[in-house]
Amino acid sequence: MRFRKHINRKSVVLAWSLSYLVILIIPFLTAAYANFKAVDIIEAEVEQSNSFQLAQAGQRIDDVLYSVEQLCTEIALNPRILEVANIRAEMTDSERYSMLKAAQDITLLSVAYSQISNFYVYFTNSDYVLAPQFMSSGEDYYEQMIEGVQSVSFDEWKESLGQVQDWNTKSTVGKNRGGQLRSMIVITKSMPLQSKSDVQANIVVLVDSEDLFENVGAYAEAVQGSFLITDLSQNPLASTAGLNQYTEIRNHDFSGAAGKKSVDSQEGTLIVQHEPSRIFKWNYLFIQPEDVFWSKVNDLRRLIWISMVFCLALSLGLIVYQVRRNYNPLYGLVAMLKKQGDYDADTQDNEYKYLRHVLTNMLEEKNEASRMLEEQRGVMRANFLAGLLKG
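Sorry if this is basic, but what is going on with the overall build of the protein chain here?
For the protein chain, the helix and strand inventory stands at 10 helices and 11 strands. Taken over C-alpha atoms, the radius of gyration comes to 46 Å for the protein chain, far larger than the 21 Å a tight globule of 391 residues would show. Here the C-alpha coordinates of the protein chain stretch approximately 175 × 35 × 35 Å along the principal axes. Sequence separation of at least 24 residues holds for 58% of the intrachain contacts in the protein chain that already meet a minimum separation of 6. Considering the protein chain, the positive charge centre built from 37 side chains and the negative charge centre built from 47 side chains are found 21 Å apart.

Would you take a moment to explain the sheet that holds strand E9 (residues 259-265) for this structure?
Think of a sheet as strands paired side by side through backbone hydrogen bonds, with each pair either parallel or antiparallel. One open sheet accounts for 5 strands, arranged E8-E7-E11-E10-E9; its pairing is antiparallel. Among the strands making up the open sheet, the edge pair consists of strand E8 (236-239) and E9. Between one strand and the next, the sheet's axes are offset by a mean angle of 30°, whatever the strand orientation. Bridge count for strand E7 (residues 226-230) against strand E11 (residues 283-289) is 5 bridges, and the pairing is antiparallel. By the bridge assignment for E11, Ile229 is matched with Tyr284. Sheet strands touched by helix H1 (residues 12-77): E7, E9, strand E10 (268-276) and E11. Its angle to E11, the strand with the most contacts, is close to 145°.

Just to check I follow, could you spell out the pairing of E11 for this structure?
Side-chain positions along a regular strand alternate between the two faces of the sheet. The element E11 is extensively covered by neighbouring structure, given that 6 of its 7 residues are classed as buried. In the sheet, E10 pairs with E11 via 7 bridges, with the strands oriented antiparallel. Looking at E11, one finds that Gln273 is bridged to Phe286. Counting the residues between successive antiparallel strands, the hairpin from E10 to E11 contains 6 residues.

For this particular structure, what's the right way to read the environment of Glu95?
Among the structural elements, Glu95 can be located in helix H3 (residues 93-112). The spatial distance from the C-alpha of Glu95 to the C-alpha of Ser315 is 94 Å, given a sequence separation of 220 residues.

Help me out: how do you make sense of a nonpolar patch on the surface in this one?
A contiguous nonpolar surface patch, about 470 Å² in accessible area, is contributed by Leu18, Val22, Ile25, Ile26 and Leu29. Position of Leu29 among the secondary structure elements: in helix H1. The class for Leu29 is exposed, based on a relative accessible area of 51%.

Even after reading the chapter, I still don't get the packing of helix H9 (residues 295-340) against helix H10 (residues 351-390), so can you show me in this structure?
A pair of packed helices is captured by two measures, namely the crossing angle of their axes and the spacing between those axes. One can describe the packing of H9 onto H10 by two numbers: an axis separation of 11 Å at closest approach and a directional angle of 40°. In terms of orientation, H9 and H10 fall into the oblique class. In terms of crossing hand, the pair formed by H9 and H10 is left-handed. The segment H9 lies against H10, with Tyr327, Leu330, Leu333, Val334, Leu337 and Lys338 engaging Glu351, Tyr352, Tyr354, Leu355 and Val358. Taken together, the residues of the contact of H9 with H10 break down into 9 nonpolar, no polar and 2 charged.

Even after reading the chapter, I still don't get a negative patch on the surface, so can you show me in this structure?
A grouping of Glu139, Asp140, Glu143 and Glu147 is seen on the molecular surface, where their side chains present a negatively charged patch. Along the polypeptide, Glu143 turns up in helix H4 (residues 138-146).

I would appreciate a short explanation of the nonpolar core in the present structure.
One recurring pattern in soluble globular proteins: nonpolar side chains tend to sit buried together. Within the largest apolar cluster, 47 residues are counted, with the highest numbers of intra-cluster contacts made by Ile75, Phe123, Ile185, Val205, Phe227, Ile229 and Trp282. Each residue touching Phe123, except ones within four places of it in the same chain, is listed here: Ile81, Val84, Ala85, Met99, Tyr128, Leu130, Gln200 and Ala201.

Explain H3 to me, please; I cannot follow it from the model alone.
Think of an α-helix as turning once every 3.6 residues; residues three or four places apart then point the same way. Here H3 is 20 residues long and its end C-alpha atoms lie 29 Å apart, about the 28 Å a rise of 1.5 Å per residue gives. Turning to H3, its buried residues are Ser98, Met99, Ala102, Ala103, Asp105, Ile106, Thr107, Leu109 and Ser110. On the buried face of H3, the contacting elements are H1, helix H2 (79-84), strand E1 (118-123), strand E2 (128-131) and strand E3 (134-137).

Would you mind showing me how to read H4 here?
Looking only at H4, the buried set comprises Gly138, Tyr141, Tyr142, Met145 and Ile146. The buried residues of H4 occupy an angular sector of 100° when the element is viewed end-on, so they sit on one face. Tucked into the core, H4 has its buried residues touching E1, E2, E3, helix H5 (154-160) and strand E4 (166-175). Where H4 ends, the next residue or the one after it, Gly148, has phi of about 80°, a positive value.

The rules behind these values
Residues numbered from 1 in each chain as written. Predicted model: local features only at pLDDT ≥ 70, side-chain atom pairs only at ≥ 80, totals over all residues. Heavy atoms only, no water. Helix = DSSP H or I, 4+ residues; strand = E, 2+ residues; numbered from the N terminus. Rg over C-alpha atoms; globule rule 2.2 N^0.38 Å. Contact = heavy atoms within 4.5 Å. Lys, Arg positive; Asp, Glu negative; His and termini not counted. Charge placed at Lys NZ, Arg CZ, Asp CG, Glu CD. Pairing = 2+ DSSP bridges. Axes fitted to C-alpha atoms, helices over the stretch in contact; angles between N-to-C directions. Buried < 20%, exposed > 50% of the residue type's maximum accessible area, 1.4 Å probe, protein only. Patch = residues over 30% accessible without salt bridge, like charges linked within 9 Å, V, L, I, M, F, W, Y side chains within 5 Å. Areas by Shrake-Rupley, 256 points an atom, 1.4 Å probe, with all protein chains shown as cover. Salt bridge = Lys/Arg side-chain N within 4 Å of Asp/Glu carboxyl O. Parallel < 35°, antiparallel > 145°, perpendicular 65-115°, else oblique. Left-handed = near helix turned anticlockwise from the far one by under 90°. Nonpolar A, V, L, I, M, F, W, Y, C, P; charged D, E, K, R; others polar. Core = buried A, V, L, I, M, F, W, Y, C linked by side-chain atoms within 4.5 Å. Expected span 1.5 Å × (residues − 1). Arc of directions from axis to C-beta.

Treat this as a map of the structure, not an account of what it does.
Structure below.
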């Protein structure tokens, strides 16, 4: 560019450049603000999408838990079941008939609560079990439904069902009503419902873990996340990705209102969104790796920064081009005047002021020359006439 070697601070180049920059910076900052607000919106959308799916899963699970609660209540208050609860091991024919009637009621309840995978009632006094389409001694039930499925001996199983259980839960493998092995959440409640010491029977309900996540499993897989159910002690009960995958979760408290936390793990930082159950003291969690959770936002941020740098570089290039294009004619004129005219070339004024200064001097010199010619006109005329007379 044919700029002067040392452009003074009052040069129009600086004024023009500043004007172009101001014109550029206003829409640039406006676009930057709009873009970063878009990032915030995308971030909120990602979080809300996960929260919605978590709430949907929580509603589904709470519906099942409500059914479990209702089923246990109906069993505990059923007159026929209450009647056989105190029967001893040596049953009379009349007591066997009562047990058969109670078993029929259990079968009817299984039809009413078909969404529950399986359940049974273990009577501690008689060591007897009633289940849908099933009535046998505790040992027979254990051999058909528990042995070889769960890592618990008959004595351990019987001992646990002889104790007070107040909505106790655990994760295990169990058989559904069709005899298929499934991942189950086992929920146990003692009869009478309000008793803290006396146990007449224990109601054991098996909830299929996979059925709980039926509506959200595909979503979790698509976004590389997982749903997890934990109890009050943060013990995992069910998950779409395996119960032992996120062991660090147990060290964090997710009780209270719904929210979001960052959890450090061996696989990296995890984003955990959680909300409580409205039925049991459980927590529903949606877990996603941090880089996956922020992937869309980070991609958008990266694209915005690249576009902003590109636009800024392009704009600066256009500014330089326009300033050069507009300044070169002016610079050429100033340089010509400085080269040919007897004018101060070291003026600190800008080019326009310099041109005004030069033009003013030129006009003054022209006027001075005109005045002097006017003053000499009479003398020149007399000299001319004198020359003619001398002829």
